[in-house]
Amino acid sequence: MSTNQGEVPLVGLALAPEHRRGHGALYDGLNHGGLNIARVRMALATLALPRAVDGRLVLAVDVSPWLRPDAATAPRRSFCQTYGRGKNEHRMIPGWPYSIVAALEPGRTSWTALLDAIRLEPGADVLAITAVQLRQVVERLIEVGQWQDGDLPILIVADAGYDLHRLTFLLADLPVEVLGRLRSDRVMRRPTPPRVYHPEGGRPPKHGGEFVFGQPGTWGEPDQQTTTATTRYGTATAMAWDRLHPKLTRRAAWIEHDMELPFIEGTVIRLTVERLPGGGEPKPVWLWWSGTGADAANVDRLWQAFLRRFDLEHTFRLFKQTLGWTTPKIRDPEAADRWTWLILVVHAQLRLARPLATDLRRPWEKPAPPERLTPARVRRGFRNLRWKMPCPAGAPKPTRPGPGRPPGSPNRHRAPRHDVGRILATGEAFARPAHHKKGTKPRRTTEAAHSP
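Residues numbered from 1 in each chain as written. Predicted model: local features only at pLDDT ≥ 70, side-chain atom pairs only at ≥ 80, totals over all residues. Heavy atoms only, no water.

1. Topic: the packing of helix α2 (residues 37-46) against helix α7 (residues 333-352)
Working step 1: Two numbers describe how α2 lies on α7: the axes approach to 11 Å, and their chain directions differ by 25 degrees. Between α2 and α7, the angle is such that the two are roughly parallel. The way α2 lies across α7 gives a crossing that is left-handed. Across from I37, V40, R41 and L44 in α2, the residues of α7 making contact are W341, L344, V345 and A348.
Working step 2: Class assignment of the residues belonging to the contact of α2 with α7 gives a composition of seven nonpolar, no polar and one charged. (Axes fitted to C-alpha atoms, helices over the stretch in contact; angles between N-to-C directions. Helix = DSSP H or I, 4+ residues; strand = E, 2+ residues; numbered from the N terminus. Parallel < 35°, antiparallel > 145°, perpendicular 65-115°, else oblique. Left-handed = near helix turned anticlockwise from the far one by under 90°. Contact = heavy atoms within 4.5 Å. Nonpolar A, V, L, I, M, F, W, Y, C, P; charged D, E, K, R; others polar.)

The following block contains the structure:
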């Protein structure tokens, strides 16, 4: 699949010399074939994974949708949030959202090491499923020896849309740290003040003073402040405040928490840059790290690791524009899962062929050193490597496709139509209020996935 040149329909892959097929039966193979996903997951975990400068593993998690707006016969679709469509609008479009986990490389690159992909069902709690997915990925990495006792904790990086504090609480027993972006209207609390006897009595406070992101008067002096000169963003200034936590309430995901609500302390980082590469107005970025006691070197390491999270966006674009992830018109979601995992295997093949491929650049492209080839350029030269590789599959049996439905005959087995569901971002149930009327907003405002 990684050898065909250009984006083609799924049936067109059967005409590629590497497939050695005489007819386009790939849809039947996806609909009725089998794939041992557990073995693929373990195989991806055993490959050599990129590591940060300090030697730790950095995992990024995000959701990318397989949009199917016109597939009314496709079951279990959800409303997927998309960015920048039409006149730079954010729209909710039906499709299959997939949660994808990948290991990130240091430095500016478009390469990632994909480790897992899960399709999110309608009505699913995104955060709970993501926590289970990350737990399974980390446990596999520990099982195959990618992480051992004494190694630095694995850093999990997520963008806005994930409840970072709840994710930290659900993964507290694993050797991981959580880093992600927060909205600019958040309010945090300082550590619990020491208990002082008050003559009028009353319960001592559980939380300290407020730390309002939008009110600089509540910040106080930062515990750490760094300034870094960058080539793309100019001067980057990071300020960090230690041991801040949110004030949790018993609603949404915490409504069924029967114990005392936890205090989830961490470090808040405010990052500002001098300019943006696209020329837009730079806005401050608020980050939250599940660790405490960060020094100046850790603050710089954290915000730079967060910028590497956007390398996963290059992988999504490669999937859709080059490898044809969303090209097949598949109806069955299980078949979509098989195709998705085949795309992950293709990406792993490209990553393994990275040091072997030669740069077959276009006349208008700049030369790139062998260690800086992009996935698209490695794919371009993969055809020259394929004939040197052994073929594990046997010779195909020559056959002819079936006659199909006679021309002009009506379809007497019409496929059923399915409604589009929703994906819940915070775990609370979606329900319209009893007094809801047409023209008013529903009670839920946070809906499906949060990936471009």
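Don't stop here, the text continues.
2. A few points about the nonpolar core
Working step 1: If you look at the biggest cluster of nonpolar residues, it comprises 55 residues, and the most contacted ones within it are W66, L155, L179 and W339.
Working step 2: By residue number, the principal contributor to this core is α7, which donates nine residues.
Working step 3: With residues near it in sequence (within four places) discarded, L179 still touches L155, I156, V157, A158, L287, W288, W289, L302, A305 and F306.
Working step 4: Of all hydrophobic cores here, the second largest spans 45 residues; its members include L57, L127, L141 and L248. (Core = buried A, V, L, I, M, F, W, Y, C linked by side-chain atoms within 4.5 Å. Buried < 20%, exposed > 50% of the residue type's maximum accessible area, 1.4 Å probe, protein only.)

3. Focus: the side chain of T267
Working step 1: Topologically, T267 is positioned in strand β11 (residues 266-273).
Working step 2: With a relative accessible area of 2%, T267 lands in the buried category.
Working step 3: Beyond its immediate chain neighbours, meaning those up to four positions away, T267 contacts A240, W241, D242, L287, W288, W289, G291, T292 and G293.

4. Let's talk about the pairing of strand β6 (residues 176-182)
Working step 1: With respect to burial, β6 is a largely interior element, six of its seven residues being buried.
Working step 2: Where strand β5 (residues 154-158) meets β6, five bridges bridge the pair, whose relative direction is parallel. Residue pairing across strands places V157 opposite L179, the latter belonging to β6.
Working step 3: Handedness of the β5-helix α4 (residues 164-170)-β6 crossover: right-handed.
Working step 4: By the bridge criterion, four bridges tie β6 to strand β12 (residues 285-289) in an arrangement that is antiparallel. Residue pairing across strands places G180 opposite W288, the latter belonging to β12. (Pairing = 2+ DSSP bridges. Right-handed = clockwise from strand over helix to strand, strands pointing away.)

5. Some thoughts on the pattern of salt bridges
Working step 1: In this structure the tally under the stated criterion is 24 salt bridges.
Working step 2: A salt bridge links E105 to R354, with the nearest nitrogen and oxygen atoms 2.7 Å apart. With E105 in the loop between β3 (89-104) and β4 (112-119) and R354 in the loop between α7 and α8 (375-380), this pair connects stretches of sequence that are 249 residues apart.
Working step 3: Salt bridges here are not isolated pairs; linked through shared partners, they connect D62, D159, R181, R309 and E313. (Salt bridge = Lys/Arg side-chain N within 4 Å of Asp/Glu carboxyl O.)

6. Focus: the packing of aromatic side chains
Working step 1: One pass over the full model with this rule turns up 14 aromatic pairs.
Working step 2: Ring geometry for F211 against F213: centres 5.9 Å apart, planes inclined by 85 degrees, an arrangement best described as edge-to-face. Each of the two residues, F211 as well as F213, counts as buried.
Working step 3: With 6.4 Å between their ring centres and 25 degrees between their planes, F211 and W219 make a pair best called stacked.
Working step 4: Through a chain of ring-to-ring contacts, the aromatic side chains of W66, W96, Y98, F319 and W325 assemble into a single cluster.
Working step 5: Its end group placed over the ring of F310, R309 keeps NZ or CZ at 4.6 Å from the ring centre. (Phe/Tyr/Trp six-rings, centres within 6.5 Å; stacked < 30°, edge-to-face > 60°. Lys NZ or Arg CZ within 6 Å of the ring centre and 35° of its normal.)

7. Here's the deal with the packing of helix α6 (residues 311-321) against α7
Working step 1: Two numbers describe how α6 lies on α7: the axes approach to 11 Å, and their chain directions differ by 110 degrees. In terms of orientation, α6 and α7 fall into the roughly perpendicular class. Crossing of α6 against α7: the hand is right-handed. Residue-level inspection shows T315, L318 and F319 of α6 in contact with α7, the latter providing I343, L344 and H347.
Working step 2: Here the residues of the contact of α6 with α7 sort into four nonpolar, two polar and no charged.

8. Digging into α2
Working step 1: Listing the buried residues of α2 in full gives V40, R41, L44 and A45. The buried residues of α2 occupy an angular sector of 135 degrees when projected down its axis, which confines them to one face. The exposed residues of α2 that point more than 90 degrees off its buried face are A38 and R39. (Arc of directions from axis to C-beta.)

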